[in-house]
Amino acid sequence: MRFSEDRIEKLTCSDGVQRDIHIWEPGKVRAVFLTVHGGMDHGGNYMNPALYLKKKGFATVAHDQHGHDKKRKVYIPRFEVFLDDLELMLEWVKGNYPELPIFILSHSMGGLIITHFGIRRFAGDPLVRGFVTSSPYYVNAIHTPKIVEKLAGLLSALFPKMTVPIEDILMHCTHDEVIYKRYREDEKDGIMANKASARFAGELLKAQAWIPDHISEWKHPMLVIVAGDDKVADANGTKNLLKKVDPEYLTEIWYPDNYHENFNEINRDEVSARIVEWCEARIN
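Residues numbered from 1 in each chain as written. Predicted model: local features only at pLDDT ≥ 70, side-chain atom pairs only at ≥ 80, totals over all residues. Heavy atoms only, no water.

Colleague: Would you explain the sheet that holds strand β11 (residues 250-255) in this entry?
Modeller: In a beta sheet, neighbouring strands are held together by backbone hydrogen bonds and run either parallel or antiparallel to one another. Strand order in the open sheet made by the eight strands is β1-β2-β4-β3-β6-β7-β10-β11, with mixed pairing throughout. Edge positions in the sheet fall to β1 (7-12) and β11, since each has one partner strand and no second. Strand-to-strand twist in this sheet, taken as the mean axis angle between neighbours without regard to direction, amounts to 20 degrees. As judged from the six bridges shared by β1 and strand β2 (residues 18-24), these two strands associate in the antiparallel manner. Each bridged residue has a counterpart across the sheet, and for Glu9 the counterpart in β2 is Ile21. Along the sheet face, helix α1 (residues 47-55) touches β2, β3 (31-36) and β4 (58-63) and points at about 155 degrees away from the line of β4. Against the sheet, helix α9 (residues 268-280) engages β3, β4, β6 (102-107), β7 (128-134), β10 (222-227) and β11, with an angle of about 165 degrees to β10. (Pairing = 2+ DSSP bridges. Helix = DSSP H or I, 4+ residues; strand = E, 2+ residues; numbered from the N terminus. Axes fitted to C-alpha atoms, helices over the stretch in contact; angles between N-to-C directions. Contact = heavy atoms within 4.5 Å.)

Colleague: Before we go on, may I ask you to explain the environment of Pro256 in this structure?
Modeller: Residue position: Pro256 is located in the loop between β11 and α9. With 28 residues separating them in the primary sequence, Pro256 and Gly228 have C-alpha atoms 3.9 Å apart. Once you skip the residues sitting within four places of it in the chain, Pro256 turns out to touch Gly228 and Asp229.

Colleague: Is there a simple way to explain the sheet that holds strand β9 (residues 195-197) in this structure?
Modeller: In space, the three strands of this open sheet follow the order β5-β9-β8, with mixed pairing throughout. Unpaired on one side and paired on the other, β5 (73-74) and β8 (163-164) mark the two borders of the sheet. Across the sheet, helix α7 (residues 198-214) is in contact with β5, β8 and β9; its angle to β9 comes to roughly 75 degrees.

Colleague: Would you explain helix α2 (residues 80-96) in this entry?
Modeller: In an α-helix, one full turn covers 3.6 residues, which means residues spaced three or four apart are oriented alike. Here α2 spans 24 Å end to end across 17 residues, near enough to the 24 Å set by a 1.5 Å rise per residue. Among the residues making up α2, those that are buried are Val81, Phe82, Leu83, Asp84, Asp85, Leu86, Met89, Leu90, Trp92 and Val93. (Expected span 1.5 Å × (residues − 1). Buried < 20%, exposed > 50% of the residue type's maximum accessible area, 1.4 Å probe, protein only.)

Colleague: Explain the packing of aromatic side chains to me, please; I cannot follow it from the model alone.
Modeller: Geometrically, a pair of aromatic rings is defined through the distance of the ring centres and the angle of the planes. Inspection of the entire model under this criterion finds nine aromatic pairs. On the numbers, 5.7 Å between centres and 85 degrees between planes, the contact of Phe79 with Phe82 is edge-to-face. Aromatic side chains Phe131 and Trp218 sit 5.1 Å apart centroid to centroid with 80 degrees between the ring planes, which places their arrangement in the edge-to-face category. Here Trp218 lies in the loop between α7 and β10 and Phe131 lies in strand β7, a separation of 87 residues in the sequence. Ring-pair connections join several aromatic residues into one group, and the members of that group are Phe33, Phe58, Phe103 and Trp278. Sitting over the face of the ring of Trp210, Arg120 holds its NZ or CZ atom 5.8 Å from the ring centroid. For the cation-ring pair, Lys161 lies above Tyr75, with the distance from its terminal atom to the ring centre recorded as 5.2 Å. (Phe/Tyr/Trp six-rings, centres within 6.5 Å; stacked < 30°, edge-to-face > 60°. Lys NZ or Arg CZ within 6 Å of the ring centre and 35° of its normal.)

Colleague: Explain the pairing of β10 here, please?
Modeller: Two faces make up the sheet, and in a regular strand the side chains alternate between them. With six of its six residues buried, β10 lies for the most part within the structure. Where β10 meets β11, six bridges bridge the pair, whose relative direction is parallel. Bridge pairing links Val226 to Trp254 in β11. Considered for its hand, the β-α-β crossover made up of β10, helix α8 (residues 235-242) and β11 is right-handed. (Right-handed = clockwise from strand over helix to strand, strands pointing away.)

Purely geometric stuff here, so don't read any function into it on its own.
Encoded structure:
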């Protein structure tokens, strides 16, 4: 397996398409991490935290999301397909790991998705013990031409599959040169996308615009890991939005020197250890 998975299965998504579920699994599973990957990314990129978590007795499952299943250009019909598929993935986890504790683990755009999911769709489930997110993509820090931002809605409606210009961000994701090289190989092989459609960009902007007025409605245990030197998701913007969340539900960790991908940074084992520590308190 390219990303050291123990196996790959399929999720029948809301559009009827079967997409890969990457699975890392110890011999005896204590709990399960259902992961939600970031934009332009893929489920296999959870390899490093998944291998760490496997040693601690946790299974990790990561589905390739709509528009990201070996596509060089990401296109989605609407943001809600991510929420639809996350609901299906949660049912898949509960069916394949019955009665085990579940944590929903996300990164970047995945953090934006799980925030919408937790407020708009998730009514509570005793098996879901908490949400963990790294560098949630609440506020954009990527350089985007102002004209593109202003016309995003119009372009999305009139030319939804048109390619929009985006900054190459891979060199801003990790300080680890080995992982950066793997990103480039994934990109070259068409596993990681490098182009965005107008509809995808427009839907993300709308999803971000929804957050400030609604994040105060969050009512579930959540661990947020913020990268201080993030050039993809605005770290200060994230911290300001998190001030609206009831402190009863929020644990925040700040890594001032990290680039965007906390799970793949040079201090990733420390990050994973903090996640395990937070989750252990919610398993027993």
